[in-house]
Amino acid sequence: MRESFQSKTGALLALVGSAVGLGNLWRFPYMTSQYGGALFIIIYLLFIIFFSIPLFTAETLIGRRAQTNACEAFNKLSHGKMRWAGSFGMIGCFLVTSYYCVVGGWCINYLFRSVANLLGRGGLSGIESLQTTFVTVSGSLPQWSESVQSVLFTLVFALTCGAIVIIGVKKGIETSCKWIMPILFLLIIFMAIRVMFLPGAMEGMAFLFRPDFSCINGKVVMAAMGQAFFSLSLGSMAVITYGSYMRRDDSIGQISTFTAFSDTIFAVIASVMIIPAVFAMGLEVSQGAGVSFISMPFVFSNIPGGPVLLILFFIGLLFASVSSEISMLESNVAYVMEKLKMSRKGATILVTLTASVFAVLCALSFGPLSHIKILDRNIFDLFDAATANIFFPVTGVLGTILIGWVMKKEHVVAELSRTSSPRPHKTTIKAFYVITKYIIPIMVTAIIINGLISQ
Ligand code: PFF
């Protein structure tokens, strides 16, 4: 039996910590702005309800049943038939572990700059220079100094997360999620309300809530599905890994539903905070990966106490991204520890350093390496699209095949029913089974194929 989470709420906090992160406050608003606003949100919500909750349940179930690292879980539960599926999933997990550090580095960068702004280095012009810096970092002007900064912050982020994993994750995450997440949540609610009163913000609200169904196509559907996987860390091995640390009587169904709802509420409120602000600023919504970062200093700049709130916001965002990165690192580390029989320390150093090399390549893909394009994308964008749109959904489907077609039904039902809370209703279990066995594998495969054709 493996070491498990310390408290009853431990698994819940760790899973929320993995789910809530840059996916909500950076990727979701960015994708929403790129893929047509309200339409994207509606499709995303449908994926969350019909796919993500059952899949989250399926993945925690796999982890808790297998009691091993996520890669080995596929091998063990399928009695060797699906060993390759675990290896495939680990590749996606490793890719996201590395490129996520770049965006984590942006958080640190912005945190430093917002502190400099508070200390009065230039007042409003400090904010403007902050925006200019970000736009430069995100690609328009490849400059060595910007790239060096980006690489440095990427490495600081990666090494800090590595250090936390060496110390041992569970307690630290439980404590930080308990305090920081609610503060971040309150802050974004407050700021979303504030943004609504900015002149021009209503246009942004219309963009967010008035869908144009004529824009629907394979690309939008695939992006919304990818985001539903990314945001809940599905298909990335993190949920399976944390599932394996769950206590025997934790209710898998309840924890999955709660995590999915809180993550989705975070994402939608973050968009209500960011997109109208972008409209109010007169920026292009399709500005690029940096919309969240660019708009935040502006939102906070015109209110009393704004500079302090801006710092609090970036601290919250940084903690949220650290807890997500840790869940990815932990999945790699658990694998390396068990596979290569290494100590936690050795495995973490190995994984962190290897991921850092790839992360640096991703950071440089906005500067000196911006000429390297594969399928019309720079290295960072390629890692992002490949993980969210291909690796995670395919690994998710492999997980549902394991549950629906390979594992014995009575084992699945027993695991779902093992809880100290009220047991799930028979109809709920039936619905779970039909969705995981038939609907998810068929639909996700069709969407991936259709999305690839329409690229
Ligand atoms: N769910 C995280 C976020 O929304 O930021 C991202 C993530 C975490 C993806 C862990 C994959 C993963 F394994």
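Everything numeric here is computed off the predicted structure, so don't read it as measured data.

A few points about the overall build of the chain
(1) Moving on: Of the regular secondary structure elements, the chain holds 18 helices and 0 strands.
(2) Moving on: By the compact-globule yardstick of 23 Å for 455 residues, the chain fits well, its C-alpha radius of gyration being 21 Å.
(3) Moving on: In terms of overall dimensions, the chain has C-alpha extents of about 65 × 50 × 40 Å along its principal axes.
(4) Moving on: Out of the 455 residues in the chain, the part that is buried amounts to 60%.
(5) Moving on: Across the chain, contacts joining residues at least 24 apart in sequence account for 83% of those joining residues at least 6 apart.

Quick notes on a nonpolar patch on the surface
(1) Moving on: A contiguous nonpolar patch, built from Trp405, Val434, Tyr438, Ile439, Ile442 and Met443 and spanning about 600 Å² of accessible area, is present on the exposed surface.
(2) Moving on: Per element, the largest residue contribution to the nonpolar patch is 5 residues, and it comes from helix 18 (residues 426–453).
(3) Moving on: Assignment of secondary structure puts Ile439 in helix 18.

Some remarks on the packing of aromatic side chains
(1) Moving on: Within the structure shown, the criterion is met by 26 aromatic pairs.
(2) Moving on: On the basis of an interplanar angle of 90° and a centroid distance of 5.3 Å, the ring pair of Phe94 and Phe358 is categorised as edge-to-face. One end of the pair, Phe94, is in helix 5 (residues 83–118); the other, Phe358, is in helix 15 (residues 344–364), with 264 residues separating them in the sequence.
(3) Moving on: Judged by its relative accessible area of 18%, Phe94 is buried.
(4) Moving on: A centroid spacing of 5.8 Å and a plane angle of 85° characterise the contact between Trp106 and Phe293, whose relative ring orientation is edge-to-face. Of this pair, Trp106 sits in helix 5 while Phe293 is found in helix 13 (residues 291–301), placing the two residues 187 residues apart along the sequence. Of the two residues, Trp106 and Phe293, neither departs from the other in class, the shared state being buried.

Criteria and thresholds
- Residues numbered from 1 in each chain as written.
- Predicted model: local features only at pLDDT ≥ 70, side-chain atom pairs only at ≥ 80, totals over all residues.
- Heavy atoms only, no water.
- Helix = DSSP H or I, 4+ residues; strand = E, 2+ residues; numbered from the N terminus.
- Rg over C-alpha atoms; globule rule 2.2 N^0.38 Å.
- Buried < 20%, exposed > 50% of the residue type's maximum accessible area, 1.4 Å probe, protein only.
- Contact = heavy atoms within 4.5 Å.
- Patch = residues over 30% accessible without salt bridge, like charges linked within 9 Å, V, L, I, M, F, W, Y side chains within 5 Å.
- Areas by Shrake-Rupley, 256 points an atom, 1.4 Å probe, with all protein chains shown as cover.
- Salt bridge = Lys/Arg side-chain N within 4 Å of Asp/Glu carboxyl O.
- Phe/Tyr/Trp six-rings, centres within 6.5 Å; stacked < 30°, edge-to-face > 60°.

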